[in-house]
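What follows is each chain in one-letter form.
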Amino acid sequence: MRAEDEAQILACIPSLRRYARGLTGDPDRADDLVQDTLERAWSRYSRWQRRGELRAWMFGIMHNHFIDGVRAASRRTDQTAPGDLPDAPVRATQTDQLEVRDLDRCLQALPAEQREVLLLIAVEDLSYQETARILSVPIGTVMSRLSRAREKLGALMRGRDAAPRLRPVPTPREMP
């Protein structure tokens with residue numbers, strides 16, 4: 001491997017860390033995920049065919065490894081409760097810390113497939129096409145998941161569940 005190839009891989013680390021933190025919600029698990037991704041990318045670098053951006057290829061490795069971990073964890077009985085979320089990083093002010101914590105909780109409340117798309121597009125600034133390639137889904141699926149994620153995240157941040165409230169249909173006796 002050439003020195004410039006190594007430099008390209010190392011340049012991806014900050015983006016990988018942000019994405020991993022968004023996926024896991026836990027700094028320690030995120031660091032482990034980044035480490036595993038780097039090890040896999042390093043060992044499989046010869047398989048990368050330079051058809052796309054290196055960063056997107058590495059996000060794909062991370063995504064696949066994360067999904068494998070989620071599947072393995074779902075088979076274990078010693079899972080943590082879904083409400084157990086870590087605190088957000090320490091921020092400059094009390095208000096900032098609360099807002100970041102709320103955002104983190106709301107992000108973690110999104111379904112994984114919506115959270116992944118939102119993080120790749122909104123945080124990592126990847127295109128719909130790159131995101132579709134990373135997640136191995138059609139571009140229309142990416143657009144649909146992103147739309148649903150934005151809608152649900154907005155509703156969660158406003159303190160409401162994203163599911164629309166349905167009004168009961170009156171029975172014939174209740175009608176005027």
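Residues numbered from 1 in each chain as written. Predicted model: local features only at pLDDT ≥ 70, side-chain atom pairs only at ≥ 80, totals over all residues. Heavy atoms only, no water.

J.: Help me understand the overall build of the chain in this model?
T.: The helix and strand tally for the chain stands at eight helices and zero strands. Counting every position in the chain, which comprises 176 residues, the buried fraction comes to 35%. Considering only contacts within the chain whose residues lie at least 6 apart along the sequence, 62% involve residues at least 24 apart. Total accessible area on the chain is roughly 11400 Å²; 51% of this is exposed by carbon and sulfur atoms. (Helix = DSSP H or I, 4+ residues; strand = E, 2+ residues; numbered from the N terminus. Buried < 20%, exposed > 50% of the residue type's maximum accessible area, 1.4 Å probe, protein only. Contact = heavy atoms within 4.5 Å. Areas by Shrake-Rupley, 256 points an atom, 1.4 Å probe, with all protein chains shown as cover.)

J.: Looking at this model, I keep getting lost on a nonpolar patch on the surface. Mind explaining?
T.: Residues Tyr128, Ile139 and Met143 make up a contiguous nonpolar surface patch of about 260 Å² in total accessible area. Here Ile139 shows up in helix α8 (residues 139–157). Overall, the relative accessible area of 42% leaves Ile139 in the partly exposed class. (Patch = residues over 30% accessible without salt bridge, like charges linked within 9 Å, V, L, I, M, F, W, Y side chains within 5 Å. Salt bridge = Lys/Arg side-chain N within 4 Å of Asp/Glu carboxyl O.)

J.: Is there a simple way to explain the pattern of salt bridges in this structure?
T.: Close approach of charged atoms lets side chains of opposite charge pair. One pass over the full model with this rule turns up four salt bridges. Between Arg55 and Glu53 there is a salt bridge, with the nearest N and O atoms lying 3.4 Å from each other. Where Glu124 meets Arg55, a salt bridge forms, and the shortest distance between an N and an O atom there is 3.6 Å. Of this pair, Glu124 sits in the loop between α6 (112–123) and α7 (128–135) while Arg55 sits in helix α4 (residues 54–75); the two residues are 69 residues apart in sequence, bridging distant segments of the chain. A relative accessible area of 2% means that Glu124 is categorised as buried. Each of the salt bridges in this network shares a partner with another, and the network as a whole consists of Arg18, Glu53, Arg55 and Glu124.

J.: Where do I start with helix α3 (residues 27–43) in this structure?
T.: Turn by turn, an α-helix covers 3.6 residues, leaving residues three or four places apart pointing in a common direction. For α3, with 17 residues, the first-to-last C-alpha span of 24 Å sits near the 24 Å given by 1.5 Å per residue. Those residues of α3 that sit buried are Ala30, Leu33, Val34, Thr37, Leu38 and Ala41. The buried side chains of α3 occupy one side of the element, clustering within an arc of 135 degrees when seen end-on. Of the residues in α3, the exposed ones pointing more than 90 degrees away from the buried face are Asp28 and Ser43. Taken together, the buried residues of α3 touch α1 (3–11), α2 (13–24) and α4. One side-chain oxygen at the N-terminal end of α3 lies 3.1 Å from the backbone nitrogen of Asp28; it belongs to Asp26. (Expected span 1.5 Å × (residues − 1). Arc of directions from axis to C-beta. Polar contact = N/O pair within 3.5 Å; in protein donor to acceptor, adjacent residues only side chain to side chain.)

J.: Please explain the side chain of His63 as it appears in this structure.
T.: As for its placement among the helices and strands, His63 is situated in helix α4. A relative accessible area of 7% means that His63 is categorised as buried. Aside from chain neighbours lying at most four places away, what touches His63 is Tyr19, Glu116, Ile134 and Leu135.

J.: Quick question: what am I supposed to make of the nonpolar core here?
T.: Soluble globular proteins: nonpolar side chains tend toward being buried together. Core analysis: the biggest nonpolar cluster contains 38 residues, and Leu16, Tyr19 and Met58 have the highest contact counts within it. Looking at this core, the elements that each hand over two or more residues are α2, α3, α4, α5 (94–109), α6, α7 and α8. Ranked by the residues each element gives to this core, the list is headed by α4, at eight residues. A domain split of this core shows at least three residues from each of domain 1 (1–79) and domain 2 (94–162). (Core = buried A, V, L, I, M, F, W, Y, C linked by side-chain atoms within 4.5 Å. Domains from an automatic or database assignment.)

J.: Looking at this model, I keep getting lost on α2. Mind explaining?
T.: In this model α2 runs 16 Å from its N-terminal to its C-terminal C-alpha over twelve residues, within 8% of the 16 Å that 1.5 Å per residue would give. Turning to α2, its buried residues number three or more, namely Ser15, Leu16, Tyr19, Ala20, Arg21, Gly22, Leu23 and Thr24.

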